[in-house]
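Letter by letter, the chains look like this.
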Amino acid sequence: GRSNGTDGVAVYDSQIFSKALKLISMELDLHNALINNEFFLVYQPVVDTKTRSITGFEALIRWKNSQGNIISPTKFIPLAEETGLILQLGEWVLFEACSTLAEWRKNNSLFNGLKVNVNLSARQLSDLELTDTVSRILEETNLPPECLRLEVTETMLMENPDYADITLRRLKALGVGICIDDFGTGYSSLMYLQQFPIGNLKIDRSFVADMEKNPANYEIVKAVVALAHALGLTVVAEGVEEEEQHIMLLEAGCDFSQGYLFSRPVSPQILPDLVSTMQHS
Ligand code: C2E
Ligand code: CA
Ligand code: CA
Ligand code: CA
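What you see is a predicted model; the values in this text were computed from it and never measured.

**Thoughts on the pairing of strand β7 (residues 200-203)**
Both faces of β7 are covered, namely the face carrying Asn200 and Lys202 and the face carrying Leu201 and Ile203. Examined bridge by bridge, strand β6 (residues 177-183) and β7 share three bridges and lie parallel to one another. The partner of Ile180 across the bridge, within β7, is Leu201. Handedness of the crossover joining β6 and β7 through helix α8 (residues 190-195): right-handed. Two elements, β7 and strand β8 (residues 234-237), share four bridges in a ladder whose sense is parallel. Note that in β8 the partner of Asn200 across the bridge is Thr234.

**What about the coordination of the calcium ion (ligand 2)?**
Of the protein atoms, only Glu58 (OE), Asn119 (OD1), Glu151 (OE) and Asp181 (OD) coordinate the calcium ion (ligand 2), at distances of 2.1 to 2.3 Å. Look at where the donors of the calcium ion (ligand 2) fall in the sequence and you get E-x60-N-x31-E-x29-D. The distance between the calcium ion (ligand 2) and the calcium ion (ligand 3) comes to 3.9 Å, and Asp181 binds to both of them. Of the two residues, Asn119 is situated in strand β4 (residues 115-119) and Asp181 in strand β6; the sequence distance between them amounts to 62 residues.

Each value, and the rule that gives it
Residues numbered from 1 in each chain as written. Chains lettered and ligands numbered in written order. Predicted model: local features only at pLDDT ≥ 70, side-chain atom pairs only at ≥ 80, totals over all residues. Heavy atoms only, no water. Buried < 20%, exposed > 50% of the residue type's maximum accessible area, 1.4 Å probe, protein only. Helix = DSSP H or I, 4+ residues; strand = E, 2+ residues; numbered from the N terminus. Pairing = 2+ DSSP bridges. Right-handed = clockwise from strand over helix to strand, strands pointing away. Donors = N, O, S within 2.8 Å, 3.2 Å for Na, K, Ca; no water.

This is the structure we're talking about:
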């Protein structure tokens with residue numbers, strides 16, 4: 001506790017000061033990381049639940065800092081979002097993911113029909129230029145729009161539903177798919193689900209994780225699948241780690257699955273070999 005008013009104020013000031021310094025220095029690091037090419041993408045396969053064959057992958061960002069440590073996106077995406085750097089970073093992710101898939105498609109027929117999912121952040125979704133950016137990147141990389149799927153969360157949609165609706169409609173008109181990420185964890189409205197031009201729901205990993213032990217979670221998963229199908233949407237389960245979970249998802253009629261059971265996120269150097277193994281298994 002504070003012993004007197006003067007001390008209290010001093011402690012408070014220095015805490016704010018050191019917090020601000022830390023933020024500023026991390027912001028500088030992030031900025032330099034972009035210039036120095038310290039970001040890279042890894043790709044996690046999404047499989048057909050019935051056949052286990054690969055249908056596409058999700059691009060996930062990583063940061064290898066100047067000390068050689070790999071930093072998780074959960075550590076730096078919120079800061080990039082706060083500082084606005086996410087717009088540049090998000091554009092880099094989009095370009096990198098689209099050009100990588102376009103390159104693979106050119107060299108390897110196994111990639112025909114595979115899609116890449118890219119995560120958007122809230123600032124990107126509210127960026128007036130998002131559709132133009134996406135459209136330009138698809139043209140520059142020569143990737144067919146239907147090969148790209150953008151993942152947004154319910155919370156992002158509900159921040160400004162009218163505006164999100166307009167943007168998603170523009171993206172859909174381009175031919176790009178929209179997926180709701182982390183479904184079930186956000187502040188969601190079933191009415192909006194029906195209204196937004198969404199093709200795909202991703203059931204959050206927290207429901208999948210203890211489905212075997214927690215019957216209520218399995219009921220939720222089954223209800224989400226039924227709801228999605230009734231609305232004409234397909235469903236992906238994320239975070240599938242156990243064979244038992246896979247069997248339960250199969251019984252629930254869940255269309256697609258993603259998780260360590262099938263594959264961890266892998267580097268683009270490894271992915272072509274992985275795709276050929278997964279398609280021939
Ligand atoms: P997310 O979009 O929900 O991504 C799924 C996360 O679950 C990834 O963590 C993935 O590696 C992890 N995961 C996949 N399968 C399993 C599994 O079987 N078990 C467990 N325990 N985890 C699994 P990651 O790569 O650390 O990404 C964390 C979050 O960071 C993402 O959550 C997403 O919100 C954000 N993120 C990642 N890449 C990007 C990006 O390029 N842009 C933006 N805006 N956000 C990103
Ligand atoms: Ca995601
Ligand atoms: Ca997710
Ligand atoms: Ca998430």
